[in-house]
Amino acid sequence: MKPFLSVLIPCLNEVRFLDRCLDSILTGEYPADRMEVLVIDGGSADGTRDLIHARAAADLRARLVENPQGTTPWGLNYGIDAARGEIVARVDAHAAVTPNYFMLCVAYIESSGADNVGGSMRTLPQDGGPFAGPIVAALSHRFGVGNSYFRIGSGEPRWVDTVFGGCWRRDVFERVGRFNTDLRRSQDMEFSLRLKAAGGRTLLAPDVSSDYYARASLDAFWRHNFMNGEWAILPFVYSDVVPVSLRHLIPLLFALALAAGVLLLPWTILPLAAVVGPYLLANAAASCEVAGRLRRPWYLAMMPIAFLSLHLSYGAGSVYGMFRAACLRRARGRQPLGEKELARSEENPCLPQP
């Protein structure tokens with residue numbers, strides 16, 4: 001008999017994507033009598049809650065869990081508290097899983113001894129537009145995202161630092177704790193690294209896959225990556241482990257090197273040229289590879305922009321995150337902050353605290 005499985009879907013205003021996500025889970029191969037689907041809503045106001053109620057009425061496996069705090073880590077923790085499963089999985093509301101997704105995840109957990117199992121993520125655009133394809137290509141290429149194997153894929157099972165979503169043994173949360181509620185973003189990466197520090201292992205399985213719908217316009221892409229870059233740094237304020245991998249810090253180093261080169265221009269161009277020259281060559285090589293592999297010659301003009309947008313926006317967000325982190329550390333160091341004061345310091349981290 002398969003272990004009982006609880007699937008957690010934290011969401012906020014996801015009426016556009018949630019139906020597709022639920023369809024992919026509820027029509028899958030995992031035995032219907034051995035699973036539940038908990039949709040943890042953070043106070044949606046776009047029709048998401050009506051959709052959850054309708055799906056729960058049509059399928060008793062689905063039910064709504066309230067998340068009064070509204071953020072993703074709180075939602076995941078409420079879901080864990082409400083879950084009945086021996087295995088707990090997370091699926092993003094923007095994602096859709098393959099029919100055998102959970103069957104494979106559970107099989108790998110049982111056969112490998114892994115504490116967490118996930119697979120590769122096929123990135124798809126949310127909408128059309130001239131940069132939809134190049135953005136997807138940048139998010140799926142090693143030059144764009146480094147050694148993030150759940151994005152670039154792997155031909156064989158491998159132990160990794162994190163996976164997209166996740167499928168955990170229930171006892172992991174007793175050993176390691178819950179998700180860090182201070183982290184509005186990056187809570188999944190920080191949890192995975194705490195699991196690793198505690199001796200746990202995360203397996204990426206090549207035949208486990210899901211679809212994720214990414215932002216398709218350059219302005220939305222910039223905003224999203226800026227916030228991701230900011231939250232590559234802010235977890236250092238709130239975590240007792242190194243909460244990110246080296247690949248998350250490389251855009252910060254790139255942005256700082258560019259800034260230093262620009263500041264030194266009145267005296268010499270060499271530092272800026274030492275950064276820009278190799279980057280442009282690597283960008284051009286990666287762009288040519290993508291255009292050739294996909295047989296889309298117009299990508300020769302668009303991929304350099306997509307790659308540069310990804311790296312610069314993420315790096316700029318990380319620089320801003322450094323500033324915020326320094327201010328938050330100073331605020332936290334002056335005196336213990338209550339919830340209201342901490343919320344105020346996060347909105348305006350360099351304002352004097354009461």
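See above for the structure.
Residues numbered from 1 in each chain as written. Predicted model: local features only at pLDDT ≥ 70, side-chain atom pairs only at ≥ 80, totals over all residues. Heavy atoms only, no water.

1. Section: the environment of Glu110
Formally: Going along the chain from the N terminus, every DSSP run of H or I of four or more residues is numbered as a helix, and every run of E of two or more is numbered as a strand.
Within the element layout of this structure, Glu110 appears in helix H4 (residues 101-112). Residues Glu110 and Pro3, 107 residues apart in the sequence, show an inter-C-alpha distance of 9.9 Å.

2. Quick word on empty space enclosed by the protein
The test is simple: Only protein atoms enter the 1 Å grid used here, on which a cavity is any set of points holding a 1.4 Å probe that cannot leave and a pocket is any open set flanked by protein within 12 Å on both sides along at least five of seven lines; residues with an atom within 4 Å of a point are listed as lining. Grid points are joined across faces, edges and corners, and a volume is the space filled by probe spheres set on the points. Under this grouping Gly is polar, as are all residues other than the nonpolar Ala, Val, Leu, Ile, Met, Phe, Trp, Tyr, Cys and Pro and the charged Asp, Glu, Lys and Arg.
Taken as a whole and assessed by the stated rule, the structure comprises two cavities of 30 Å³ or more. Counted as a void, the largest cavity has a volume near 50 Å³. Around the largest cavity sit Ser24, Ile25, Gly28, Glu29, Tyr30, Met35, Val97, Thr98, Pro99, Tyr101, Phe102 and Met103, which together line it. Contributing elements (two or more residues each) for the lining of the largest cavity: helix H1 (15-26) and H4. Among the elements that make up the lining of the largest cavity, the one with the highest residue count is H4 (three residues). The class makeup of the residues in the lining of the largest cavity is eight nonpolar, three polar and one charged. Of the volumes computed, that of the second largest cavity is approximately 30 Å³. Lining the second largest cavity, in full, are Arg90, Val91, Asp92, Ala95, Val97, Tyr101, Phe164, Gly165 and Ser210. Looking at the lining of the second largest cavity residue by residue, the classes come out as five nonpolar, two polar and two charged.

3. Overview of the packing of H1 against helix H2 (residues 48-58)
Put simply, the rule is: Helix axes use the C-alpha atoms of the stretch in contact, all axes being lines fitted to C-alpha atoms, and the angles between their N-to-C directions lie in the range 0 to 180 degrees. Put simply, angles under 35 degrees are roughly parallel, angles over 145 are roughly antiparallel, angles from 65 to 115 are roughly perpendicular, and the rest are oblique. Should the near helix be turned anticlockwise from the far one by less than a right angle, the crossing is left-handed, and should it be turned clockwise, the crossing is right-handed. The contact rule is simple, with two residues in contact once any of their heavy atoms fall within 4.5 Å.
Look at H1 against H2: their axes get within 9 Å of each other, and the N-to-C directions meet at 20°. Judged on the interaxial angle alone, H2 and H1 are roughly parallel. The two elements H1 and H2 meet at a crossing, and its hand is right-handed. Contact with H1, carried on its side by Val15, Leu18, Asp19, Leu22, Asp23 and Leu26, involves Thr48, Leu51, Ile52 and Arg55 of H2 and no other residues of that element. Looking at side-chain class alone, the contact of H1 with H2 contains six nonpolar, one polar and three charged residues.

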